[in-house]
Amino acid sequence: MKNLLISMLVLIILICGCAALSSRNAAAGEVCEGIGQGYRGPIAVQVCINDGIITDIVVTDSAEDKNVGEAAMEELIDLVVLYNSTDIDAVSGATETSKGFLEAVRNAILRE
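Residues numbered from 1 in each chain as written. Predicted model: local features only at pLDDT ≥ 70, side-chain atom pairs only at ≥ 80, totals over all residues. Heavy atoms only, no water.

Caption draft 1: Geometry of the environment of Val59. Among the structural elements, Val59 can be located in strand β3 (residues 53-61). Judged by relative accessible area, which is 17%, Val59 ranks as buried. (Helix = DSSP H or I, 4+ residues; strand = E, 2+ residues; numbered from the N terminus. Buried < 20%, exposed > 50% of the residue type's maximum accessible area, 1.4 Å probe, protein only.)

Caption draft 2: Highlighting the pattern of salt bridges. Evaluated as defined, the whole model comprises one salt bridge. A salt bridge links Glu96 to Lys99; the shortest N-O distance between them is 3.8 Å. Taken together, the positions of Glu96 and Lys99, both in helix α3 (residues 95-110) and three residues apart, correspond to about one turn of that helix. Accessibility expressed as a relative area gives 39% for Glu96, which makes it partly exposed. (Salt bridge = Lys/Arg side-chain N within 4 Å of Asp/Glu carboxyl O.)

Caption draft 3: Spotlight on unusual backbone geometry. Residues other than glycine seldom take positive phi values, yet Asp51 does so here, at roughly 55°. Relative to the helices and strands, Asp51 resides in the loop between β2 (42-50) and β3. Phi at Asn84 is positive, roughly 50°, even though this residue is not glycine. Turning to its location among the elements, Asn84 is positioned in the loop between α2 (66-83) and α3.

Caption draft 4: Fine view of α3. Relative to the 22 Å expected for 16 residues at 1.5 Å per residue, α3 spans 22 Å between its end C-alpha atoms, a close match to the ideal helical length. For α3, the complete set of buried residues consists of Thr97, Ser98, Gly100, Phe101, Leu102, Ala104, Val105 and Ala108. (Expected span 1.5 Å × (residues − 1).)

Caption draft 5: α2, seen in detail. An ideal rise of 1.5 Å per residue puts 26 Å on 18 residues; α2 measures up with 25 Å between its terminal C-alpha atoms. Of all the positions in α2, only Gly69, Ala72, Met73, Leu76, Ile77 and Val80 are classed as buried. Take α2 and look down its axis: the buried residues cluster within an arc of 150°, on one side only. Facing away from the buried side of α2 by more than 90 degrees, the exposed set consists of Lys66, Asn67, Asp78 and Leu82. Residues of α2 that are buried make contact with β2, β3 and α3. (Arc of directions from axis to C-beta. Contact = heavy atoms within 4.5 Å.)

Caption draft 6: A look at the pairing of strand β1 (residues 30-37). Here eight bridges tie β1 to β2, and the two strands are oriented antiparallel to one another. Pairing of Gln37 across the sheet is with Pro42, part of β2. Connecting β1 to the antiparallel partner β2 that follows it, the hairpin turn spans four residues, and Gly41 within it adopts a positive phi of roughly 145°. (Pairing = 2+ DSSP bridges.)

Here you go:
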């Protein structure tokens, strides 16, 4: 029962995050979606691009470990936005998650 409640809460948070990113779309640029293969399964992202600059990334679906994978993706979001590039090193200890996340962002950008 506890896992069901946690899953529902995560789903609500993801939906709210997606809605927030989509609402910024009109003012901030284009939102593109991409998927990559992480350590525990697919990682789906939405990437907001404004005038060729990555301004925001939201992970919309992921089965990665909360303590390691999600923390790594948060760090990667900051780096991708800072450098406006996916040409960055993987987070130590979360190599497969990092590769999957960066693949998802690249796929989103390619669909732009």
